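Coordinates in review
Chain by chain, the residues run as shown.
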Amino acid sequence: MTAVFSHGRLRLYLLKLLDDGPKHGYELIRLLEDRFLGLYAPSAGTIYPRLQRLEAEGLVSHTAAGGRKTYDITDAGRAELHQRAGELTELESDIAASVADLSSLAGEIRSEVRGSVRDLKRELSEATRQTRRARWEAPAAPPRPTSTAGPQAALLDELDQRLAAFTAEVGRLVRARQFSETQLSTAIRLLDGALDGLRRLLR
């Protein structure tokens, strides 16, 4: 519960809200949330026990319909509200100040979060660019000596062409859009596995 409602002031504000007309507990919670611009909302465990105590004191009454209790202020409740009019005015002033403080704090937090997110995105983008450069901009392999064997030379040429096409296609796919860290890690593991298989085959 926000500090502005300490020392029994929440029960006074509940009487004020009920003085505007009958309401059920959920409506009171929403009205309080709206009053604090969505930055604070009391829980049902905060509101309903206080309504029960107000009813036990004869300051509110309730009617039940459809499984829902609707609370209304009694004459005794209006009398207390009238007697504490000065306190209610002070409470409204404190609520306005509290809302201003909460709004300012929320604005500062949003600015810090936006800055942190921007920094994180910038770092991830730079790490991705460096990974791509390391993977796809490595120096080309030295030219393979020309073989004199006819069929073997043709197959080696085809292997070279396939490797070049594979490298170009993977590079195109990686540059086409942003990928998640998981996707990039999985792609790297797949490439490492393929390379290990070729090493074992051609060893």
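Calculation notes
Residues numbered from 1 in each chain as written. Predicted model: local features only at pLDDT ≥ 70, side-chain atom pairs only at ≥ 80, totals over all residues. Heavy atoms only, no water. Helix = DSSP H or I, 4+ residues; strand = E, 2+ residues; numbered from the N terminus. Buried < 20%, exposed > 50% of the residue type's maximum accessible area, 1.4 Å probe, protein only. Contact = heavy atoms within 4.5 Å. Areas by Shrake-Rupley, 256 points an atom, 1.4 Å probe, with all protein chains shown as cover. Axes fitted to C-alpha atoms, helices over the stretch in contact; angles between N-to-C directions. Parallel < 35°, antiparallel > 145°, perpendicular 65-115°, else oblique. Left-handed = near helix turned anticlockwise from the far one by under 90°. Nonpolar A, V, L, I, M, F, W, Y, C, P; charged D, E, K, R; others polar. Core = buried A, V, L, I, M, F, W, Y, C linked by side-chain atoms within 4.5 Å. Pairing = 2+ DSSP bridges. Phe/Tyr/Trp six-rings, centres within 6.5 Å; stacked < 30°, edge-to-face > 60°. Salt bridge = Lys/Arg side-chain N within 4 Å of Asp/Glu carboxyl O.

We now examine the overall build of the protein chain. Helices and strands together make up the secondary structure of the protein chain, namely seven helices and three strands. Of the regular secondary structure in the protein chain, the N- to C-terminal order runs α-β-α-α-β-β-α-α-α-α. Counting every position in the protein chain, which comprises 203 residues, the buried fraction comes to 24%. Across the protein chain, contacts joining residues at least 24 apart in sequence account for 60% of those joining residues at least 6 apart. Accessible surface, the protein chain: about 13,800 Å² in total, of which carbon and sulfur atoms supply 56%.

Moving on to the packing of helix α2 (residues 25-35) against helix α3 (residues 44-56). It is the contact of α2 with α3, at a shortest axis distance of 10 Å, that shows an interaxial angle of 120°. One element, α2, and the other, α3, form an angle in the oblique class. Pair α2 / α3 crosses with right-handed handedness. Of the residues in α3, those touching α2 at Gly25, Tyr26, Leu28, Ile29 and Leu32 are Ala44, Ile47, Tyr48 and Leu51. Along the lines of polarity and charge, the residues of the contact of α2 with α3 split into eight nonpolar, one polar and no charged.

Before going further, it helps to examine the nonpolar core. With 25 residues, the main nonpolar core has Phe5, Tyr13, Leu14 and Leu32 as its most contacted residues. Listed by contribution, the elements that provide at least two residues to this core are α1 (9-19), α2, α3, β3 (68-73) and α5 (85-136). The contacts of Phe5, once residues within four sequence positions are left out, are Leu10, Tyr13, Leu32, Phe36, Tyr40, Leu91 and Ile95.

The strands making up a sheet are joined through hydrogen bonds of the backbone, oriented either antiparallel or parallel. Pairing within the open sheet is antiparallel, and its three strands lie in the order β1-β3-β2. Taken across any chain shown, the strands that pair with only one partner, and hence form the sheet edges, are β1 (23-24) and β2 (60-65). Here six bridges tie β2 to β3, and the two strands are oriented antiparallel to one another. Within β3, the residue paired with Ala64 across the bridge is Lys69.

With eight of 11 residues buried, α1 lies mostly within the body of the structure. Within α1, the full set of buried residues consists of Arg9, Leu10, Leu12, Tyr13, Leu14, Leu15, Leu17 and Leu18. Following α1 by one or two positions, Gly21 adopts a phi angle in the positive range, close to 145°.

This brings us to the packing of aromatic side chains. Per the stated rule, a full pass over the model turns up two aromatic pairs. Where Phe5 meets Tyr13, the ring centres are 5.8 Å apart and the plane angle is 45°; that geometry is what we call tilted. By relative accessible area, which is 1% here, Phe5 ends up buried. Under the relative-accessibility criterion, Tyr13 is labelled buried at 3%. Plain terms: the ring middles of Phe5 and Phe36 are 5.9 Å apart, the flat faces sit at 65° to each other, and that makes the pair edge-to-face. Here the residue Phe5 occupies a position in the segment before α1, and Phe36 occupies one in the loop between α2 and α3, the gap between them amounting to 31 residues. In this structure, Phe5 and Phe36 share a single accessibility class: buried. Taken together, the ring pairs in this structure connect Phe5, Tyr13 and Phe36 into an aromatic cluster.

Note: β1 against β3, two bridges, orientation antiparallel. Directly across from Lys23, in β3, lies its bridge partner Tyr71.

Okay, the environment of Ala79 next. Secondary-structure assignment places Ala79 in helix α4 (residues 75-83). The exposure class of Ala79 is partly exposed, given its relative accessible area of 35%. As for Ala79 and Leu59, which are separated by 20 residues in sequence, their C-alpha atoms are 8.9 Å apart.

Turning our eyes to something else, we now look at the pattern of salt bridges. Counted by the stated rule, this structure contains 11 salt bridges. A salt bridge links Asp94 to Arg9; its shortest N-O distance comes to 2.8 Å. Of this pair, Asp94 sits in helix α5 while Arg9 sits in helix α1, and the two are 85 residues apart along the sequence. As a salt-bridge pair, Asp75 and Arg78 come within 3.6 Å of each other at their nearest N and O atoms. Of the two residues, Asp75 and Arg78 both sit in helix α4, three residues apart, roughly one turn of that helix. Assessed through its relative accessible area of 64%, Asp75 is described here as exposed.

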